[in-house]
Amino acid sequence: MNSRLSRDAFRDPLVEDEVPYAVLAPDGHGEGLPLILVLHGADSSSDFLAMLRPIAEALWDDGTLPPSLLACASTPTAGGFYIDRPGNAWESLIARRSPPSGPR
């Protein structure tokens, strides 16, 4: 199954900087897909979805993974990540507000 990978960025008062993110969606599917929030590891970013793309497409093709949206926001990884700190509430941002919308 082919897919589309879109990238964008958003601002949110929970963190100081703009938040880049990526969304991967199977072609031919639109609204109403379940959301899978992908959390990248250390020394990584939302570009991790580009690496996962062939795996997701294969899983969609064989039915192991139903059609779904995969979304990943870039978070800073120095000194720990997905942690709420004054001025940078990354855990809250990822858990409650990301992604801001579907693919564009």
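In this text, all values refer to a predicted model and were calculated from it rather than measured experimentally.

Parameters and conventions
Residues numbered from 1 in each chain as written. Predicted model: local features only at pLDDT ≥ 70, side-chain atom pairs only at ≥ 80, totals over all residues. Heavy atoms only, no water. Helix = DSSP H or I, 4+ residues; strand = E, 2+ residues; numbered from the N terminus. Polar contact = N/O pair within 3.5 Å; in protein donor to acceptor, adjacent residues only side chain to side chain. Contact = heavy atoms within 4.5 Å. Core = buried A, V, L, I, M, F, W, Y, C linked by side-chain atoms within 4.5 Å. Buried < 20%, exposed > 50% of the residue type's maximum accessible area, 1.4 Å probe, protein only. Pairing = 2+ DSSP bridges. Phe/Tyr/Trp six-rings, centres within 6.5 Å; stacked < 30°, edge-to-face > 60°. Axes fitted to C-alpha atoms, helices over the stretch in contact; angles between N-to-C directions. Salt bridge = Lys/Arg side-chain N within 4 Å of Asp/Glu carboxyl O.

**What about the side chain of Asp12?**
Mapped onto the secondary structure, Asp12 falls in the loop between β1 (3–10) and β2 (19–26). Within the local environment of Asp12, its side chain forms a polar contact with the backbone nitrogen of Leu14, the two atoms lying 2.9 Å apart. Setting aside chain neighbours within four positions, we find Asp12 in contact with Leu93 and Arg97.

**A word on the nonpolar core**
In terms of nonpolar packing, the biggest core is built from 14 residues, with Val19 and Leu93 touching the most fellow members. Broken down by secondary-structure element, the contributors of at least two residues to this core are β2, β4 (69–73) and α2 (90–97). Ranked by residue count, the leading element in this core is β2, at four residues. Of all hydrophobic cores here, the second largest spans nine residues; its members include Ala22, Leu24, Val38 and Ala56.

**Things to note about the pairing of β2**
Of all the eight residues making up β2, seven are buried; the element is thus mostly covered by neighbouring parts of the structure. As paired elements, β1 and β2 share eight bridges and run antiparallel to each other. Looking across to β2, one finds that Asp8 is bridged to Tyr21. Note that β2 and β4 share four bridges and pair antiparallel. By the bridge assignment for β4, Leu24 is matched with Leu70.

**Topic: the packing of aromatic side chains**
Under the criterion given, the structure shown has one aromatic pair. On the basis of an interplanar angle of 65 degrees and a centroid distance of 5.7 Å, the ring pair of Phe10 and Tyr21 is categorised as edge-to-face. Here Phe10, found in strand β1, pairs with Tyr21, found in strand β2; they are 11 residues apart in sequence, far enough to count as distant. On the basis of relative accessibility, which here comes to 10%, the residue Phe10 falls in the buried class.

**Some details on the sheet that holds β2**
On the basis of which strands lie adjacent, the open sheet formed by four strands has the order β1-β2-β4-β3 and mixed pairing. Because the sheet does not close on itself, it has two edges, and the strands there are β1 and β3 (35–37). Mean inter-strand twist for the sheet, computed between neighbouring axes without regard to direction, equals 20 degrees.

**Examining the pattern of salt bridges**
Within the structure shown, the criterion is met by three salt bridges. Between Asp27 and Arg4 there is a salt bridge, with its nearest N and O atoms 3.9 Å apart. Placement of the pair is Asp27 in the loop between β2 and β3 and Arg4 in strand β1, with a sequence separation of 23 residues. A relative accessible area of 30% places Arg4 in the partly exposed class.

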